[in-house]
Amino acid sequence: MITSDDTTQPWLSIVGIGEDGLKGLSARARALLDTAELIVGGDRHLSLVAALNKPTMPWRVPFAASLPDVLAQRGRRVAVLCSGDPFWHGAGSVLADHLAANEWTAVAAPSTFAWAAARLGWRLEDAVTLGLHARPVATLRPHLRPQARLIVLVRDGAAVGEIAAYLAANGFGASELTVLEALGGPRERVRRTTASIFAFPDVTAPVALGIAAAAEPNAVIMPCVSGLPDELFQHDGQLTKREIRAVTLSTLAPRGHELLWDIGAGAGSIGIEWLLAARSNRAIGIETRADRLATARANGEALGVPQFDLRLGAAPEALAGLPTPDAVFIGGGASRPGVMDTVWQALPAGGRLVVNAVTLETEALLIDWHHRHGGELLRLGVERAAPVGGLTGWRAAMPVVQWSVRK
């Protein structure tokens, strides 16, 4: 947020409005609209305040495209209308980030999530709340487990149908769906069905969807800990296996609001689990092969983290210009000239580095770096019981040498 010592009155008002329009506004919100010289909002918002007969400016989609137009009105009294709570999946933060604190004021109305919880009778703090207006349906995937309750904002009726089909295809067809349209206004409608038989042809925006998840016997439930089953990932053999992955993620120690560089992304498993650890995390994956990059991207979509930023290229050249990482994982290419030096220089003080090696050459490199910079050196081995003739014996996977260090 921009800061300023100026104590002048705010020129911009951010006003939350519900489907009940002007009559649902507080006295403060109504006063801000009455004194506004210009009202900005979506077409639906502007129709709700048409009785004011004020000059209006419809915003573009997405709202961020309208930001220069709004900021150009500085010096006039301007009110921007948002649905419900402007700071919960709304435009409030987009505006506030570009204004000094004394330039704006805001009045919130009940959010769609609050209205939905009131109709569903759910504790809002226990429900998963998601906005899927412009995000893939697969974003739901990490949250689908027995007895989970989700409240999802969607763009239109077609999106509700897509979600129902997705639930049915992933073993959650028995989930109860509550379709909540135009909550809090005269057009409000609440209907219930199950995902497998969803057939409402006339769902209209604005719409939210309540999902009471129910898993069928064939559903695959994603655990909440690191080390997802290998079967959840598409791969050509280039995959950090579950046991090694669990140790690697534990050592990387994702905390939220952090950026990971995943170098030699392969099937993308490390970056994907880093993103699953916290919604606010970010990850950039670097992979030299286009086919593996496509596989990693497909895995990210399927496992609910389509935001995984995957890039084709080879380190260290592909690392130029990237934002500063909080942690780096090198799963391949550590022995390439310049990779370790570039990564070490890029890491800030306190940054974490984890490198996995399966070849003797890379192992020797890690021993040298451990000697110079300290940290922890591990040799990880996994053996699985497997058929041996007509009996059972232990089959060892290729051991992994792991070096980790905090700079």
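Residues numbered from 1 in each chain as written. Predicted model: local features only at pLDDT ≥ 70, side-chain atom pairs only at ≥ 80, totals over all residues. Heavy atoms only, no water.

## Examining the overall build of the protein chain
Keep this limit in mind: Note on conventions: DSSP H or I runs of at least 4 residues are helices, E runs of at least 2 residues are strands, and numbering of each starts at the N terminus. It only takes one pair of heavy atoms within 4.5 Å for two residues to be counted as in contact. A 1.4 Å probe and the Shrake-Rupley method give the accessible areas. Residues count as covered only by the protein chains that appear here.
Each helix and strand counted, the protein chain has eleven helices and 19 strands in total. Across the protein chain, every contact between residues at least 6 apart in sequence was considered, and the portion connecting residues at least 24 apart equals 65%. Carbon and sulfur atoms provide 54% of the accessible area of the protein chain, an area that totals close to 19000 Å².

## Examining unusual backbone geometry
Note the threshold: Classification of residues uses two cut-offs on accessible area relative to the type maximum, computed with a 1.4 Å probe and protein chains only: under 20% is buried, over 50% is exposed, and between them is partly exposed.
Each neighbour pair has its own omega, and for V61 with P62 the value is 0°, a cis peptide bond. Mapping P62 onto the fold places it in the loop between β3 (56-58) and α3 (67-71). You will see that N53, though not glycine, has its phi angle at about 55°, which is positive. By the element assignment, N53 lies in the loop between α2 (43-48) and β3. With relative accessibility at 69%, the residue N53 sits in the exposed group. Phi at A182 is positive, roughly 50°, even though this residue is not glycine. Following the sequence through the fold, A182 ends up in the loop between β8 (176-181) and β9 (189-194). Given a relative accessible area of 2%, A182 falls into the buried group.

## What to know about the pairing of strand β12 (residues 282-287)
Stated precisely, the cut-off is as follows: DSSP bridges decide pairing: two strands pair if at least two such bridges lie between them. Assignment of crossover handedness uses the view with strands pointing away from the viewer, where a clockwise path from the first strand over the helix to the second indicates a right-handed crossover.
For β12, a buried count of five out of six residues is recorded, marking the element as mostly surrounded by other parts of the structure. Where strand β11 (residues 259-263) lies against β12, five bridges are found, and the strand directions are parallel. Within the sheet, the bridge partner assigned to L259 lies in β12 and is R282. Here β12 runs beside strand β13 (residues 309-312); their pairing, made up of four bridges, is parallel. Bridging from a neighbouring strand, I284 pairs with D309 of β13. Crossover connection from β12 via helix α9 (residues 290-302) to parallel β13: handedness right-handed.

## Let's talk about the pattern of salt bridges
Operational definition: The term salt bridge refers to a pairing of a side-chain nitrogen on Lys or Arg with a carboxyl oxygen on Asp or Glu at a separation within 4 Å.
Under the definition given, this model contains 26 salt bridges. The shortest N-O distance in the salt bridge between E273 and R245 comes to 2.7 Å. Residue E273 is found in helix α8 (residues 269-277), and its partner R245 is found in helix α7 (residues 242-252); the two are separated by 28 residues along the sequence. By relative accessible area, which is 5% here, E273 ends up buried. For E258, the salt bridge goes to R255, with nearest N and O atoms at 4.0 Å. Several salt bridges share partner residues, and in doing so they unite E181, R189, R191 and D202 into one network.

## Observations regarding the nonpolar core
Let me state the cut-off plainly: Working definition of a nonpolar core: buried Ala, Val, Leu, Ile, Met, Phe, Trp, Tyr and Cys residues. They are joined through side-chain atoms within 4.5 Å.
The biggest cluster of nonpolar side chains holds 28 residues, and the ones touching the most others in it are L140 and I163. Listed by contribution, the elements that provide at least two residues to this core are β6 (128-131), β7 (149-154), α6 (157-169), β8 and β10 (207-212). If sequence neighbours within four positions are ignored, L140 has contacts with L130, L132, L150, V152 and I163.

## Topic: α8
For α8, the buried fraction is high: seven of the nine residues fall into the buried class. Those residues of α8 lying buried are S269, I270, G271, I272, E273, W274 and L275. Close packing links the buried residues of α8 with α7, β11, β12, α9, β14 (327-330) and β15 (352-357).

## Quick word on the sheet that holds strand β19 (residues 400-406)
Defined as follows: Fitting a line to C-alpha atoms yields each axis, with helices limited to the stretch in contact; the angle taken between N-to-C directions then spans 0 to 180 degrees.
Spatially, seven strands are ordered β13-β12-β11-β14-β15-β19-β16 in an open sheet, and the strand pairing comes out mixed. With one partner strand each, in any of the chains shown, β13 and β16 (376-380) form the two edges of the open sheet. For this sheet the average axis-to-axis angle between neighbouring strands, irrespective of direction, equals 15°. Pairing of β16 with β19, which is carried by five bridges, proceeds in the antiparallel orientation. Across the sheet, the residue bridging to E376 is S404, located in β19. The strands that α8 touches are β11, β12, β14 and β15; relative to β11, the one it contacts most, it runs at about 165°.

## A few points about the sheet that holds β7
Ordered by their spatial adjacency, five strands build an open sheet running β6-β7-β10-β8-β9, and the pairing between neighbours is mixed. The strands lining the two open edges of the sheet, one partner per strand, are β6 and β9. Neighbour-to-neighbour, the strand axes of the sheet open up by a mean angle of 20°, direction not taken into account. Sheet topology note: the β8/β9 ladder contains six bridges and is antiparallel. Looking at β9, one finds that L177 is bridged to T193. Strands β6, β7, β8, β9 and β10 of the sheet are contacted by helix α5 (residues 112-120), whose axis makes an angle of about 135° with β7.

## Looking at the confidence of the model for the protein chain
Here is the rule: Residue-level confidence of the predictor is what pLDDT reports, using numbers from 0 through 100.
Looking at the protein chain, the pLDDT average stands at 94 and 98% of residues meet or exceed 70. Per-residue pLDDT stays below 50 along residues 1-6; that stretch engages in 15 contacts with residues further than four places along the chain or on separate chains.

## Some words on the environment of E216
Threshold: Counting of polar contacts relies on pairs of N or O atoms within 3.5 Å, with two restrictions inside protein: one atom must be capable of donating a hydrogen and the other of accepting it, and residues adjacent in sequence are counted only when both atoms are side-chain atoms.
Along the chain, E216 falls in the loop between β10 and α7. With a relative accessible area of 27%, E216 lands in the partly exposed category. A sequence separation of 141 residues divides E216 from G75, and the C-alpha atoms of the two residues are 59 Å apart. Those residues in contact with E216, other than ones at most four positions away along the chain, are G171, F172, G173 and A174. At 3.2 Å, the side chain of E216 forms a polar contact with the backbone nitrogen of A174.

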